[in-house]
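# Tertiary structure, described
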Amino acid sequence: MGQVFDCIVVGGGLVGSAVAYGVCSAGGTVALLDEGDVAYRASRGNFGQLWVQGKGRGKPPYAELTKAAAVAWAGFAARLEAEGGIDVYYRGTGGFWFGFAPKDVEDRAAMMEDIGAASGIPYRMVEPAELRKILPRIGDAVVGASFCPLDGDVNPLYALRALHAAIGRRGGRIVNGAPALAVEPAAEGFVARTATQSISGRRVVLAAGLGNPALGRPLGLDIPVSPLRGQILVTERVEPFLPVCTNKLRQTPEGTVMFGSTEEEAGFDDGTTHAAMVKLARRGIETFPMLAQARLVRHWAALRIMTPDGLPIYQESLSHPGAFVVTCHSGVTLVPVHARVVGPWVLGRQDIPALLDHPVFSASRFDGKRGPL
Amino acid sequence: MSGTGFFRAVPALKREGGSVSIRIDGRACTVRAGLSVAAALLEQGAVRFRQTPVGGAPRAPLCMMGVCFECLLEIDGIANSQSCLIEVRDGMRIGTQDGAARLAGMTEGAAP
Amino acid sequence: MTDRPDVLIVGAGPAGMQAALRCRALGLSVVLLDEQGGPGGQIFRHIEHADRRARNVFGDDYAAGHALARDFLGSGTTYLRHAIVWEVAPGPLVYALVGGHSRVFEPRRVILATGAMERPAPAPGWTLPGVIGAGAAQILMKSSGMVPEGPFVLAGSGPLLYLLAQQLLRVGARPAALVDTTSPGNRMRAVGPLAGALGSWRVLLKGLGMLGDIRRAGIPVYAGATHLAFEGDGRVTGVAFRHRGRPHALPANVVLTHQGVVPDTQLTRALRVPHAWSDSQLCWLPATSALGELSSTQGIFLAGDAAGIAGAQAARLLGEVCAWAVGEQLGVVDPRRRARETDPLIRRLARWKALRKFLDTLYRPADGQRIPADDVLVCRCEEISAGAIRGFVREGCLGPNQAKAFGRCGMGPCQGRQCGLAMAEIIADERGVEVGQVDVLRARFPVKPVMLRDLIV
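Description of the structure in this document. Just so we're clear, the structure is a prediction, and the values are computed from it rather than from any experiment. (Residues numbered from 1 in each chain as written. Chains lettered and ligands numbered in written order. Predicted model: local features only at pLDDT ≥ 70, side-chain atom pairs only at ≥ 80, totals over all residues. Heavy atoms only, no water.)

## Details of the overall build of chain B
The condition that has to hold: Secondary structure elements are taken from DSSP: a helix is a run of H or I of four residues or more, a strand is a run of E of two residues or more, and numbering for both begins at the N terminus. When we talk radius of gyration, it's over C-alpha atoms, and the globule rule is simply 2.2 Å times the number of residues to the 0.38. Type-normalised accessible area, obtained with a 1.4 Å probe on protein chains alone, sets the label of each residue: buried when under 20%, exposed when over 50%, and partly exposed for intermediate values. We call two residues in contact whenever any of their non-hydrogen atoms come within 4.5 Å of each other. Here, Shrake-Rupley sampling with a 1.4 Å probe gives the accessible areas, and only protein chains in the shown set may cover a residue. Within this scheme the basic residues Lys and Arg register as positive and the acidic residues Asp and Glu register as negative, but His and the chain ends are omitted. Throughout, a charge is located at the NZ atom of Lys, the CZ atom of Arg, the CG atom of Asp or the CD atom of Glu.
Within chain B, the secondary structure is distributed over one helix and eight strands. Its helices and strands in sequence order give chain B the pattern β-β-β-α-β-β-β-β-β, from N to C terminus. A compact globule built from 112 residues should have a C-alpha radius of gyration of about 13 Å, and chain B, at 15 Å, falls within 12% of that. A buried classification covers 50% of the 112 residues belonging to chain B. Once local pairs closer than 6 in sequence are excluded, the contacts in chain B between residues at least 24 apart make up 43%. Carbon and sulfur atoms make up 49% of the accessible area of chain B, which totals about 4,600 Å². For chain B, the separation between the mean place of its 12 positive charges and that of its 10 negative charges on side chains is 4 Å.

See the structure below:
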C-alpha cells in the first residue's frame, strides 16, 4: 500500500517469475501477483524439457532465441543454486527425437537441415543401429532419431520454487493467492487490483497465461492465446536407464519415468482422460518395451498457452507504454532469456533487445486474427 | 529381542489347511496356504520388506490392507507388488524390494 | 453379459454386500469387485472361513457378518475377488485388474463402497519396522491367525484399540501396556453429544466395558498420554511418552498404533467430487445427495464408511438406501415405494450418526497426534518431514497441491493416502487458517499404481 514498484508482474508461473527475477537482478523493485494453489498453472504441468531442436523452421529469430536460452541454462542453474541452495537438477546432456515411421524420419531430417542451415542449430540424424548402441533397450518400433547437443532437461517445479525464493531474497514482493482482477493506467503508471488490494507500479508485465487477454485489452494489448491441453504420465521410481532427454519420454534424476505429452483442444478443461493415458502408455512401451512393467503412479494435465503460430509474444503496448505482454508455450526453456534479457527491458533500462526485436514476436503479427479469448 | 520377528501364529486361531513351497530371497520355505505374501513373510520372521528408494530406510507393513505401500516386494519378477493383496502360490519367488524398481530387461551395469 | 451389469459395486464390506443383496432382490444384475480374496471388507475380514472359535474370539459384531456374507455369496452377484479397480470414468466405465488381466465394465450404475482406512498418525519413529496399525494387527489375527510377538504395546486412541486388546487377551496374547492418548478433556466435551447417542445405549455400554476388561486383566493403562514416540534403529525397540507430567519409556518388539479411522477418499477425489472438511471427524467428506449419489458425477453412488465413518450397521443401512435409489433410477422401483423404504432407513441412519458424534468427540485424536513436530516424517514414500512442509508454507505454499510441487510430498506410490490429511492440517496450522480453507489434495486415475501394460485394456 503506498509503495510504487518499479514493475508489477502479473502471473507467478515460470514466465512471470523469471521476468520478476530479472527485474530484481537488474536492481528494480517488483511485485509478483500469483493466483494460488489450484491455478491453471501451465508451469506445474510442464514436462521439464529444455528443447531447441525442431523449433523455428522458417523463423530464425525463434531458433536463435531458443538456442540462446538453452546455452545460458547451465550457468543460470548454477547461479540459482549458489544463491539459494535449491538444486533445479539441470542436465545438458543433449536430446533425442524418435521417429516411428521412415517417412517421419525423412521429414525430420529435412526440417533439421533447414533449421541448421538458417540458424546454425547443431544436430545429427542417428541410424537405428547406432541408436541401439547408445540406448540398448530402445524398441524396434523406433526406426530413426535426431540428436541435438543443445537440448537438456530440468525440474520445472524446483525451478519455479528457486525463482520465487530468489525473488524473495532480493526484496521482491510475492502476492500469493490473489488473482489480479484488472490492471488500469494510473498516475504513477499502472495499478493492479485484486479482491483485497491495489498495487501500484511504474510498469506492468502481463505474464498471466490464459488470463492475459482479458487483462491486456484495456491496456491496448491484443493477446490471441488459447489453451492446448497436454497430459503427462509418471511412473514409480525405476532403476536408471536413460540419461538423456527425449522428445516424448524422459527419466528424471529421481528415477521416475515421464511420458508426454498430448496436444488436445479441450478448452479450459484440465482434467485427464483415459484415452490419453492409453495412448501415452502405448507409445512409451513402443519406445522402451521393458517399461511395460513399470507402474504408473501419476497422471496429470495442464493447459499450454498457445498463440496461433506457436511463437512467443514480446510486446510493449503502443497505446500504453510501460505495459508489456510476455507469453510463450516453452516457459521452461526460455527462463534464462526471460530473466536476463526481458527483465532489464521491461524495467526500461534498455530498448527492446536485439534477440526479441523481430516482427515474429510482435503482437501485431496477428492483427485481424483474434483468438477465442 | 533382535532375533525374533514381529508376529507369530497362535494355537487358538489355528486352522487346518495345506501348505505351499515358496522362495524368499532365494531361500526355500514352506508356508501355510491361503496366507497373503505379507503375512507369510511376517510369519517367517521377516522384519524388513524393503529399503526406500529415497533414503534407503528399512520398512515393513503398516496397514495390511493395501493403502500404505510399505509391503512392496518383488514377486515372480514383478517389482513393487503389494504383497498384502497377493496370496502365496506354490513355486512363487519373492524378493525384498531394495530401492527403485528393477524391470525385466534391465541388465547389470549397461548404462549408455 | 458380465461386463455390462445393471449395477457395479466396488467393495465387499458391509455396505457393498448389503447393496448387492438389495439390488439382486430388485431383480438387477450385479457385479461386485473387491481387492481382497474373500468378502467382508476389513471389519468382517476373512469371515467366510471364520469358524465358531474365531467368532467367539472376535465377538458378536464380527459374528454378525457371517450371515451377511453367506447371503451375499448366495445372491447371484457376480463376485470378482482380487480385483483392483484403478479408474472410474464417465459412462460410467469401470477399469479393473481381474486375475492379472485388465477389464472394462460398462454398468448402468456404480455403487462405491470402498470403506475406511486407519488414520495415518505421524509420530517420531512411526516408519520403523514393527510399528504397525492396530487395524493391521486385527487383520493379521482374523485372516492369518497371528498375534504380535515379544513384548508389545498398544498406543493410541479409539474403540478399535480397546476391542483389539480384548481380542488379543482372549487368545492369550497379553499386551505389555496400553498407552491411551485420548485427551482427558474429551470426556467433558462428549457430555453434550452423549444425550443424542443414548438411543444406542447397548453400544455405549459395550464400549464402557472394554477398558474395564483390559484393566481387570492386569494390563497397565496409561490414560491421557502425550508425546508418543517410537524408538529404535532399523526396527522398533520401544515406545516413549509422557504421562502425568513425567516421561516414560517401555520396551517393545512391536507397537500397535491407532488414532481412529477415516474414509478412503482416493476414488472420490479422483472423480473430482467436491469434498468438505469435517471438523468433528477431522477428515474430508465427499458431497453426496441424501440418497447417496455423488455430486458432480452421473450415476455413481457412495455407501458405507467411505461417505463418513459411521460403523458397520450404518454402512449396511446406507448400502440399502443407495440400492433403493439405484432401483428407482433404473425404473424397477416407483418413487413412492422407494421413499417408503428409504425414509425409515434414513431415520435409523440418523441415530447411528448421533452415536458417531459422541464417539468422534470422545475419541477425537489429540492435535499432537495429527500435527507433528518438525522432525517427524509426514510423506513416508518420499521421506518429507513436517518441518519441510512448514518451510514450503513460509515460501508461499498455500495448500497440499502446491506442496506436492514444492517438494514431492504426495508423489510416491501411496498417492497421498498416508500424507494427505496431515499435509492439509500442517499447512492450515502454519498458515493460521481453518483446514477447510486449504484445498483438498487432488487425486488422479489410476488410483492404484498399475503397470503400463495393464492400462491397455
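## Notes on the packing of helix α3 (residues 60-84) of chain A against helix α9 (residues 335-347) of chain A
All names here are of chain A. To keep it simple, the criterion reads: To obtain each axis, a line is fitted to C-alpha atoms, and for helices this fit is confined to the stretch in contact; angles are then taken between N-to-C directions over 0 to 180 degrees. Oblique is the label for any angle not under 35 degrees, not over 145, and not in the 65 to 115 range, which are roughly parallel, roughly antiparallel and roughly perpendicular in turn. Note that Gly is not counted as nonpolar here; it falls among the polar residues with everything else outside the nonpolar set of Ala, Val, Leu, Ile, Met, Phe, Trp, Tyr, Cys and Pro and the charged set of Asp, Glu, Lys and Arg.
Where α3 meets α9, the closest approach of the two axes is 7 Å, and the angle between their N-to-C directions is 85°. It follows that α3 is roughly perpendicular to α9 by the angle criterion. When α3 is examined against α9, the residues Leu-65, Ala-68, Ala-69, Ala-72, Trp-73, Gly-75, Phe-76 and Arg-79 are found in contact with a partner set consisting of Val-335, Pro-336, Val-337, Ala-339 and Arg-340. Across the contact of α3 with α9, the residue classes tally to ten nonpolar, one polar and two charged.

## Some details on the pairing of strand β6 (residues 144-148) of chain A
Strand residues, when the strand is regular, have side chains that alternate between the two faces of the sheet. Residues and elements named next belong to chain A. The cut-off we apply is this: Strands qualify as paired when DSSP identifies two bridges or more between them.
Of all five residues that make up β6, five are buried, and the element is covered over most of its length. Burial of β6 is two-sided: the residues Gly-144, Ser-146 and Cys-148 facing one way and the residues Ala-145 and Phe-147 facing the other way are all buried. Two elements, strand β4 (residues 95-99) and β6, share five bridges in a ladder whose sense is antiparallel. By the bridge assignment for β6, Gly-95 is matched with Cys-148. Sheet analysis places strand β5 (residues 124-126) next to β6, joined by three bridges and oriented antiparallel. From the neighbouring strand, Met-125 faces β6, where its bridge partner is Ser-146.

## Observations concerning the sheet that holds strand β9 (residues 131-133) of chain C
Residues and elements named next belong to chain C. Taking strand neighbours across the sheet as the criterion, the five strands line up as β9-β17-β11-β12-β13 in an open arrangement whose pairing is parallel. Across the chains shown, the open sheet's two edge strands, defined by having one partner strand only, are β9 and β13 (221-223). Taken pair by pair, the neighbouring strands of this sheet meet at an average axis angle of 20°, ignoring direction. For strand β12 (residues 177-180) and β13, the ladder comprises three bridges, and the chain directions are parallel. Bridging across to β13, Asp-180 finds its partner in Ala-223. Against the sheet, helix α4 (residues 134-144) engages β9 and β17 (254-259), with an angle of about 75° to β9. Across the sheet, helix α8 (residues 201-216) is in contact with β12 and β13; its angle to β13 comes to roughly 135°.

## Brief notes about the packing of helix α1 (residues 14-25) of chain C against helix α10 (residues 312-329) of chain C
Residues and elements named next belong to chain C. The test is simple: Handedness of a crossing follows from how the near helix is turned relative to the far one, being left-handed for an anticlockwise turn of less than a right angle and right-handed for a clockwise one.
Packing of α1 against α10 brings their axes to within 7 Å, and their N-to-C directions diverge by 35°. The handedness of the crossing between α1 and α10 is right-handed. Two secondary-structure elements touch here, α1 through Pro-14, Ala-15, Gln-18, Ala-19, Arg-22 and Cys-23 and α10 through Ala-312, Ala-315, Arg-316, Gly-319, Glu-320, Ala-323 and Trp-324. By residue class, the composition of the contact of α1 with α10 is eight nonpolar, two polar and three charged.

## Section: the interface of chain B and chain A
This is how it is decided: Defined in terms of a 1.4 Å probe, buried area is the accessible area two parts forfeit on being brought together, summed over both. Whenever a carboxyl oxygen of Asp or Glu lies within 4 Å of a side-chain nitrogen of Lys or Arg, that contact is scored as a salt bridge. In the analysis that follows, any N or O atom pair within 3.5 Å is treated as a polar contact, provided that within protein one partner can donate a hydrogen and the other can accept it, and provided that, for residues neighboring in sequence, both atoms belong to side chains.
Across the contact, 17 residues belong to chain B and 15 residues belong to chain A. Surface buried jointly by chain B and chain A totals about 1,400 Å² across both partners, of which 55% is contributed by carbon and sulfur atoms. Between chain B and chain A we count one salt bridge in total. Linking Glu239(A) and Arg102(B) is a salt bridge whose minimum nitrogen-to-oxygen distance equals 2.8 Å. Connecting chain B to chain A are eight residue pairs in polar contact (both at pLDDT 80 or more). Here the residues of the side of chain B that touches chain A sort into eleven nonpolar, five polar and one charged.

## A look at the packing of aromatic side chains
Basically, it comes down to this: Aromatic pairs are defined between Phe, Tyr and Trp rings, using the six-membered ring for Trp, whenever the two ring centres lie within 6.5 Å; interplanar angles under 30 degrees are classed as stacked, those over 60 as edge-to-face, and all others as tilted. Look at NZ for Lys and CZ for Arg. If either is within 6 Å of the ring centre and within 35 degrees of the ring normal, a charge sits over the ring.
On inspection of all chains with the given rule, the structure shows 17 aromatic pairs over all chains. Between the aromatic rings of Trp86(C) and Tyr95(C), the centroid separation amounts to 5.3 Å while the plane-to-plane angle is 35°, which identifies the pairing as tilted. The pair formed by Trp86(C) and Tyr95(C) is uniform in burial state, with each residue classed as buried. Ring pairs connect the aromatic residues Phe96(A), Phe98(A), Phe147(A), Phe241(A) and Phe288(A), which therefore count as one cluster. Sitting over the face of the ring of Trp126(C), Arg380(C) holds its NZ or CZ atom 4.5 Å from the ring centroid.

## Describing the interface of chain C and chain B
With 57 residues of chain C at the interface, the matching set in chain B holds 44 residues. Of all residues in chain C, Met146(C), Glu149(C) and Arg235(C) give up the largest surface area on contact with chain B, accounting jointly for 14% of the area buried on that side. Taken together, the links from chain C to chain B amount to one salt bridge. For Glu70(B), the salt bridge goes to Arg380(C), with nearest N and O atoms at 2.7 Å. The interface formed by chain C and chain B holds 20 residue pairs in polar contact (both at pLDDT 80 or more) in total. At the level of secondary structure, the elements contributing two or more residues to the side of chain C that touches chain B comprise α2 (52-58), β8 (116-118), β9, α4, β10 (146-148) and β17 of chain C. Ranked by residue count, the leading element in the side of chain C that touches chain B is α4(C), at eight residues. A per-class count over the side of chain C that touches chain B returns 28 nonpolar, 15 polar and 14 charged. For strand β1 (residues 7-9) of chain B and β10(C), the ladder comprises three bridges, and the chain directions are antiparallel. Each residue of the ladder has a partner; that of Arg8(B), found in β10(C), is Val147(C).

## What to know about helix α13 (residues 386-394) of chain C
Because an α-helix completes one turn every 3.6 residues, residues spaced three or four positions apart along the sequence face the same direction. Summarising burial for α13(C): seven of the nine residues are buried, a large majority. For α13(C), the secondary structure elements touched by its buried residues are α6 (156-169) of chain A together with β22 (377-379), β23 (384-385), α14 (400-407) and α15 (420-431) of chain C. The first or second residue beyond α13(C) is Gly396(C), which carries a positive phi of 110°.

## Considering the state of the cysteines
Cysteine pairs can be linked by a disulfide, which is a covalent bond between their two sulfur atoms. Put simply, the rule reads: Pairs of cysteine sulfur atoms within 2.5 Å are identified as disulfides in what follows.
Inspection of the entire model under this criterion finds zero disulfides over all chains. Cys71(B) takes part in no disulfide bond, and the closest cysteine sulfur, belonging to Cys84(B), lies 3.9 Å away. Cys381(C) carries a free sulfur, and the closest cysteine sulfur to it, the one in Cys414(C), is 3.9 Å from it. On the basis of relative accessibility, which here comes to 8%, the residue Cys381(C) falls in the buried class.

## Topic: the sheet that holds strand β4 (residues 83-89) of chain C
Residues and elements named next belong to chain C. With respect to topology, three strands assemble into an open sheet ordered β4-β5-β6, the strand pairing being antiparallel. The sheet is open, and its two borders are formed by β4 and β6 (101-105), each paired with just one other strand. Between one strand axis and the next, the sheet turns by 20° as a mean value, whatever way the strands run. Pairing of β4 with strand β5 (residues 93-98), which is carried by six bridges, proceeds in the antiparallel orientation. For Val-85, the partnering residue across the bridge sits in β5 and is Ala-96.

## Remarks on the pairing of β12(C)
Residues and elements named next belong to chain C. To keep things clear, this is the line we draw: A right-handed crossover is one whose linking path, passing over the helix from the first strand to the second, runs clockwise when the strands point away from the viewer.
Burial along β12 is two-sided: Ala-177 and Val-179 and Leu-178 and Asp-180, pointing in opposite directions, are all buried. Inspection of the sheet shows strand β11 (residues 152-157) paired to β12 by four bridges, in the parallel sense. Across the sheet, the residue bridging to Ala-155 is Val-179, located in β12. A crossover links β11 with its parallel partner β12, the connecting element being helix α5 (residues 159-170), and its sense is right-handed.

## With respect to the environment of Thr256(A)
By the element assignment, Thr256(A) lies in strand β15 (residues 256-259). Look at Thr256(A) and you get buried, because its relative accessible area is 5%. Residue contacts for Thr256(A): discarding those within four places in its chain leaves Val234(A), Thr235(A), Glu236(A), Arg237(A), Val238(A), Arg250(A), Gln251(A) and Arg408(C). Here Thr252(A) takes part through its side chain, which lies 2.8 Å from a polar atom of the side chain of Thr256(A).

## Focus: the environment of Gly3(B)
Residue and element names in this part refer to chain B. For Gly-3, the position within the fold is in the segment before β1. Judged by its relative accessible area of 77%, Gly-3 falls in the exposed class. Residues Gly-3 and Gly-45, spaced 42 residues apart in sequence, show a C-alpha to C-alpha distance of 8.6 Å.

## Quick notes on the pattern of salt bridges
Applying the stated rule across the entire model yields 46 salt bridges over all chains. A salt bridge links Arg442(C) to Asp270(A); the shortest N-O distance between them is 3.9 Å. Pair noted here: Arg442(C) is in the loop between α15 and α16 (452-455) and Asp270(A) is in the loop between β15 and α8 (274-287), and the two residues belong to different chains. Since its relative accessible area comes to 12%, Asp270(A) is described here as buried. With a closest N to O distance of 3.2 Å, Arg22(C) and Glu320(C) form a salt bridge. Taken together, the positions of Arg22(C) in helix α1 and Glu320(C) in helix α10 put the pair 298 residues apart, joining distant regions of the chain.

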